[in-house]
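One-letter residues, chain by chain:
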Amino acid sequence: MTDWIAFIALITGALFVLVSAIGLLRLPDLFMRMHATTKTTSLGITLILIGVIIAFPTWGVVLKGILIIAFIFLTNPLGAHMISKAGHLLGTKKWGRYVRDDLENNNHRR
Amino acid sequence: MVRLLKGPTLPDRVISLDLLAFVALGIVLLNMIITGELEYLDIVIVISLVIFIATVAIAKYLTKGKDYD
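Every chain begins its residue count from 1, and numbering advances along the sequence as written. For naming, the first written chain is A and the first written ligand is 1, with later ones following in the order written. For this predicted model, a pLDDT threshold of at least 70 governs which residues receive local features, and a threshold of 80 or more governs which side-chain atom pairs are given and counted, while totals over whole chains, interfaces and linings are taken from all residues.

Turning to the overall build of chain A, a few remarks are in order. Helix and strand counts for chain A stand at four helices and zero strands. Going from N to C terminus, chain A has its helices and strands arranged as α-α-α-α. Counting other C-beta atoms within 10 Å of each residue's C-beta, where C-beta atoms are placed from the backbone, gives the exposure class: buried for 20 or more, exposed for 12 or fewer, partly exposed between. Here chain A holds 110 residues, and 34% of them are scored as buried. Sequence-distant contacts, at least 24 apart, represent 64% of the contacts inside chain A between residues at least 6 apart. For the purposes of this entry, the term helix denotes a DSSP run of H or I that reaches at least four residues, the term strand denotes a run of E that reaches at least two, and both are numbered from the N terminus. We call two residues in contact if the C-beta atoms placed from their backbones are at most 7 Å apart.

Attention shifts here to the overall build of chain B. Within chain B one finds three helices and zero strands. For chain B, the succession of helices and strands along the chain, N to C, is α-α-α. When each of the 69 residues of chain B is scored for burial, the buried share is 28%.

Counting 32 residues, the largest nonpolar core has Ile45(A), Ile48(A), Leu49(A), Val52(A), Ile83(A) and Leu29(B) as the members making the most contacts within it. Tallying contributions element by element places helix H2 (residues 30-55) of chain A first for this core, with 10 residues. In these notes, a nonpolar core means any group of buried Ala, Val, Leu, Ile, Met, Phe, Trp, Tyr and Cys residues linked to one another through C-beta atoms within 7 Å.

Here we come to helix H3 (residues 40-63) of chain B. The end-to-end C-alpha separation of H3(B) is 35 Å, in line with the 34 Å expected for 24 residues at 1.5 Å each. Looking at H3(B), one finds that the buried residues are Leu41(B), Val44(B), Ser48(B), Ile51(B), Thr55(B) and Ala59(B). Looking at the packing, one finds that the buried side of H3(B) touches helix H3 (59-90) of chain A together with helix H2 (10-35) of chain B. To estimate the expected span of a helix, count its residues, drop one, and scale the result by 1.5 Å.

Contact residues are listed per partner, giving 29 residues for chain B and 32 residues for chain A. Counting residues per element, the ones that place at least two in the side of chain B that touches chain A are helix H1 (2-6), H2 and H3 of chain B. As a working rule, the residues Ala, Val, Leu, Ile, Met, Phe, Trp, Tyr, Cys and Pro are called nonpolar, Asp, Glu, Lys and Arg charged, and the rest polar, with Gly in that last group. Across the side of chain B that touches chain A, the residue classes tally to 19 nonpolar, six polar and four charged.

The relative placement of two packed helices comes down to the angle between their axes together with the axis-to-axis distance. Under this scheme, a helix contributes an axis fitted over its contacting stretch, all axes are lines through C-alpha atoms, and angles between N-to-C directions fall in the 0 to 180 degree range. One can describe the packing of H3(A) onto H3(B) by two numbers: an axis separation of 9 Å at closest approach and a directional angle of 15 degrees. The angle between H3(A) and H3(B) places the two elements in the roughly parallel class. Our pair here, H3(A) against H3(B), has a crossing hand that is left-handed. Mapping the contact onto sequence places Val61(A), Lys64(A), Ile68(A), Phe71(A), Ile72(A), Thr75(A), Gly79(A), Met82(A), Ile83(A), Ala86(A), Leu89(A) and Leu90(A) in H3(A) and Leu41(B), Val44(B), Ile45(B), Ser48(B), Phe52(B), Thr55(B), Val56(B), Ala59(B), Leu62(B) and Thr63(B) in H3(B). Of the residues that constitute the contact of H3(A) with H3(B), the class distribution is 16 nonpolar, five polar and one charged. Convention used here: angles under 35 degrees read as roughly parallel, angles over 145 as roughly antiparallel, angles from 65 to 115 as roughly perpendicular, and any remaining angle as oblique. Here a crossing is taken to be left-handed if its near helix is turned anticlockwise relative to the far helix by less than a right angle, and right-handed if that turn runs clockwise.

Turning next to the confidence of the model for chain B. Residues and elements named next belong to chain B. Residues with a pLDDT of 70 or more make up 80% of chain B, whose mean pLDDT is 79. Put simply, H1 is where chain B has its lowest mean pLDDT, 54, and H3 is where it has its highest, 85. Interface confidence for the predicted complex, expressed as ipTM, amounts to 0.77; the pTM equals 0.79. Every residue carries a pLDDT, the predictor's confidence in it, which falls somewhere between 0 and 100.

A separate point is the packing of H2(A) against H2(B). Two elements in contact, H2(A) and H2(B), have axes separated by 10 Å at closest approach and are oriented at 10 degrees. Considering their axes alone, H2(A) and H2(B) lie roughly parallel with respect to each other. Between H2(A), through Leu30(A), Arg33(A), Met34(A), Thr37(A), Thr41(A), Ile45(A), Ile48(A), Leu49(A), Val52(A) and Ala55(A), and H2(B), the contact on the second element is made entirely by Pro11(B), Asp12(B), Ile15(B), Asp18(B), Leu19(B), Phe22(B), Leu25(B), Gly26(B), Leu29(B), Met32(B) and Ile33(B). Taken together, the residues that form the contact of H2(A) with H2(B) break down as 15 nonpolar, three polar and three charged.

Here it is, written out as structure tokens:
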């Protein structure tokens with residue numbers, strides 16, 4: 001029974017990472033590619049780690065797994081935010097049909 | 001991998017390297033399941049630390065210390 005739960009978690013995590021790779025390849029813009037990669041890899045790696053924890057339920061594995069999950073959920077949005085801010089500051093080309101861009105307008109208001 | 005070679009700007013390559021590192025992390029976890037050796041989890045900790053440090057360092061290098069202020 002636990003083998004099947006671990007199997008389902010592993011397959012779902014691998015599927016999320018695959019969706020992230022397809023999004024990185026197909027989307028038209030830096031910011032949309034960032035949106036595709038950062039969230040789905042967080043969820044996918046978390047699901048794979050949950051599968052590992054269910055497969056090997058000893059204290060060391062559970063503790064290290066929860067530590068890695070917390071660390072990934074803390075740092076992955078931070079790194080994505082810093083990279084996207086650097087890309088916006090460098091002036092990378094945006095997709096043609098964005099409605100608003102608050103970071104650009106912020107400089108005029110001041 | 002294609003995006004890493006083709007990507008029009010440098011941040012594209014950075015996020016593609018990020019995804020590649022996460023795929024390597026998943027491969028290490030699957031190898032841990034297959035072989036049953038518990039020491040692979042330390043490798044996963046080190047890889048997740050290195051991903052974060054590399055991303056922040058490259059972002060700081062790209063803007064060269066400038067910021068919206």
